[in-house]
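# Examination of the molecular architecture
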Amino acid sequence: MKFTRKAIAGISALALMTGLAACGGSSRGTNAASGGTEASANASDTLIGISMPTKSLERWNKDGANLESQLEKLGYKVSLQYADNKPNQQVDQIQNMANDGAKVVIVGSIDGTAVGPAVEAAKSNGATIIAYDRLIMNTDAVDYYATFDLAEVGKLQGQYIADALGLEDGATGPFNIELMTGSPDDNNARYFFEGAWSILGPYFESGVLQSPSGKVPSSVDDWQSIGILSWDQKKAQDEMENRLNSFYTGDTKLDAVLAPNDALALGTVNAIEAKGWDYMPVITGQDCDKANVANIVAGKQSMDVFKDTRKLADAVATMTDQIVKGETVETDSSYNNGTKDVPTKLLTPITITKDNVQEELVDTGYISAEDAGL
Ligand code: BGC
C-alpha cells in the first residue's frame, strides 16, 4: 500500500516517522535532513556512496552515470559501485562506503530485504540512506526514497493491453494473454503487477481474458508465483518458450504478453520469433532500453514505459545536497516498507509507442535516432 502524507518540516526526519501522518492527499512535504552537516560543509570533502544493482541492464548504467555526474557537478566526491546482481556483494560495498565515511549512501537494492542490515550499519556510522528506485524493506534505517510511481507503471501497461484489444469497447474475445512478473526479491515488481492487475483482473474474472498456460496468480499477493528471478532475459525467454511450445500449438493464437520490463520483453520477442508466426502479439515493456525502442520502431514490441533516469538522478542529487547541507528535503509522497512510511519523491512514468519515440526519446536526447532505428 502506498500512503500519501503531509510531511512536516523542521525536526529530525527520524523522529518524525510516527504519529504525524495526515493522510488523504498528495501534498508537497518537507523533511528536515537527518544526518545533515553544517551548511558550510566543504562538498569536495564529502563522500557520497552510490550502490547500483548491476551493469547488465542498460538503465542502471544510465542511472549511475547520471547520478555520479550530477553529484560531481555539485562538487561532491562520489564512489559509484555496481554489485553484479549479488546481494552479498552489495552488502560489502555499502559497508565499505560507510567505513570510508560516506555522508549519504544511495542504494538501488538488489534484494530490498537483504540489504537492510548493511544500511543499518551505515546509518549508525552517520550516513543518511536514500533508497533509489527500489525501496529498502523492513528497516527504519532508510531515510528517503525516490522512484517513479510504481503502480502507475503497471497501470500504463495494463491499459495499453486493454486499449489494444478493445476491451473497453466491448470486445468479448476470449483473448489469450500470458503474464509475467519481475524478480520475486524486488518490492517494485509487486506494485507493477498490482497496477496492471487493477486493469486486467476484471477481464479475467469475466472470461474476456484467459491464459492457456494457467499461469495466473490467485491474487496480487501471489504475484511471485509468476516472477522471473533477477529480471533475467534468458529466464524469461525459457519461460515463454515453454509456454508457447506447450500451450500455443495448432490454431491457438497469443494475443498479448504482460512483460513488466524490457529485459522480459526482449526474452518474449526472442521466444515468439523462434516460433516463426506471421504476427506479433501485443507486448509491453518498461525502461526504454535501446534494443527495445528499436523493437518498437520495428513493430516487434508494442509499447514501453519511460522512466527518465535523468529526472530521477536530478531529484536524488538535489535530495543529497539538501541532506548534506542540513536543509529541508522535499518529498511529496510516501511508501510503507513494512516498518515505516518512508518519505518519497515520486516521479511520473509515461507510455511510449511508435508515435512518440521521436518526441519523447530522440528529441530530448535520451536515445539517438540511429539507436532507435529511425
Ligand atoms: C526497476 C525497473 C527495472 C527492473 C529490473 C525494477 O526495480 O524499477 O526499471 O527494469 O528493476 O532491473
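Structure first, text after, so check above.
In short, a report on the structure.

### Notes on the packing of aromatic side chains
Applying the stated criterion across every chain yields a total of 7 aromatic pairs. An angle of 25° between the planes, with centres 5.4 Å apart, marks the rings of Phe193 and Trp197 as stacked. Residue Phe193 and its partner Trp197 are both found in helix 6 (residues 187-205); the two are separated by 4 residues, about one turn of the helix. In terms of burial, Phe193 and Trp197 fall into one category: buried. An angle of 70° between the planes, with centres 4.6 Å apart, marks the rings of Phe306 and Tyr366 as edge-to-face. On the criterion of sequence distance, the pair formed by Phe306 in strand 12 (residues 304-306) and Tyr366 in the loop between helix 11 (357-362) and helix 12 (369-372) is long-range, its members being 60 residues apart. Taken as a pair, Phe306 and Tyr366 share a single burial class, namely buried. Over the aromatic face of Trp60 sits the side chain of Arg59, whose NZ or CZ is 4.1 Å from the ring centroid. A cation over a ring is seen here: Lys62 above Tyr366, with NZ or CZ 3.7 Å from the ring centre.

### Considering the site of the ligand
The ligand sits among 13 residues. The nearest are Arg59, Asp133, Arg134, Asp186 and Asp287. Separating an oxygen atom of the ligand from a side-chain N or O atom of Asn188 is a distance of 3.1 Å. Interatomic distance of 2.5 Å between a side-chain N/O atom of Asp287 and an oxygen atom of the ligand. Because more than half of its atoms lie within 2 Å of the grid, the ligand is assigned to the largest cavity. If you list the elements that add at least two residues to the shell around the ligand, you get helix 2 (58-73) and helix 6. Taken together, domain 1 (13-142 + 308-348) and domain 2 (150-307 + 353-362) each give at least three residues to the shell around the ligand, which thus spans both.

### A look at the sheet that holds strand 10 (residues 256-258)
Across a sheet, strands are paired by hydrogen bonds formed along the backbone, either parallel or antiparallel in direction. In spatial order, the strands read 9-8-10-11; together these 4 strands make up an open sheet with parallel pairing. Both outer strands of the open sheet, strand 9 (209-210) and strand 11 (282-283), are each paired with one neighbouring strand and no more. Relative to strand 9, strand 8 (residues 175-179) is paired through 2 bridges, and the arrangement is parallel. Opposite Asn176, over in strand 9, you have Gln210 as the bridge partner. Along the sheet, helix 6 makes contact with strand 8, strand 9 and strand 10, crossing strand 8 at roughly 155°.

### Brief notes about unusual backbone geometry
Here Gly173 and Pro174 are connected by a cis peptide whose omega angle stands at 0°. Secondary-structure assignment places Pro174 in the loop between helix 5 (150-164) and strand 8. Within the chain, Asp133 stands out as a residue other than glycine whose phi angle is a positive 70°. For Cys288, which is not glycine, the phi torsion reads 60° and is therefore positive. For Cys288, the position within the fold is in the loop between strand 11 and helix 9 (290-297).

Scoring rules and cut-offs
- Residues numbered from 1 in each chain as written.
- Predicted model: local features only at pLDDT ≥ 70, side-chain atom pairs only at ≥ 80, totals over all residues.
- Heavy atoms only, no water.
- Phe/Tyr/Trp six-rings, centres within 6.5 Å; stacked < 30°, edge-to-face > 60°.
- Helix = DSSP H or I, 4+ residues; strand = E, 2+ residues; numbered from the N terminus.
- Buried < 20%, exposed > 50% of the residue type's maximum accessible area, 1.4 Å probe, protein only.
- Lys NZ or Arg CZ within 6 Å of the ring centre and 35° of its normal.
- Near = heavy atom within 4 Å.
- Polar contact = N/O pair within 3.5 Å; in protein donor to acceptor, adjacent residues only side chain to side chain.
- 1 Å grid on protein atoms, 1.4 Å probe; cavity = no way out; pocket = protein on both sides within 12 Å on 5 of 7 lines; lining within 4 Å.
- Sits in = over half its atoms within 2 Å of the grid points.
- Domains from an automatic or database assignment.
- Pairing = 2+ DSSP bridges.
- Contact = heavy atoms within 4.5 Å.
- Axes fitted to C-alpha atoms, helices over the stretch in contact; angles between N-to-C directions.

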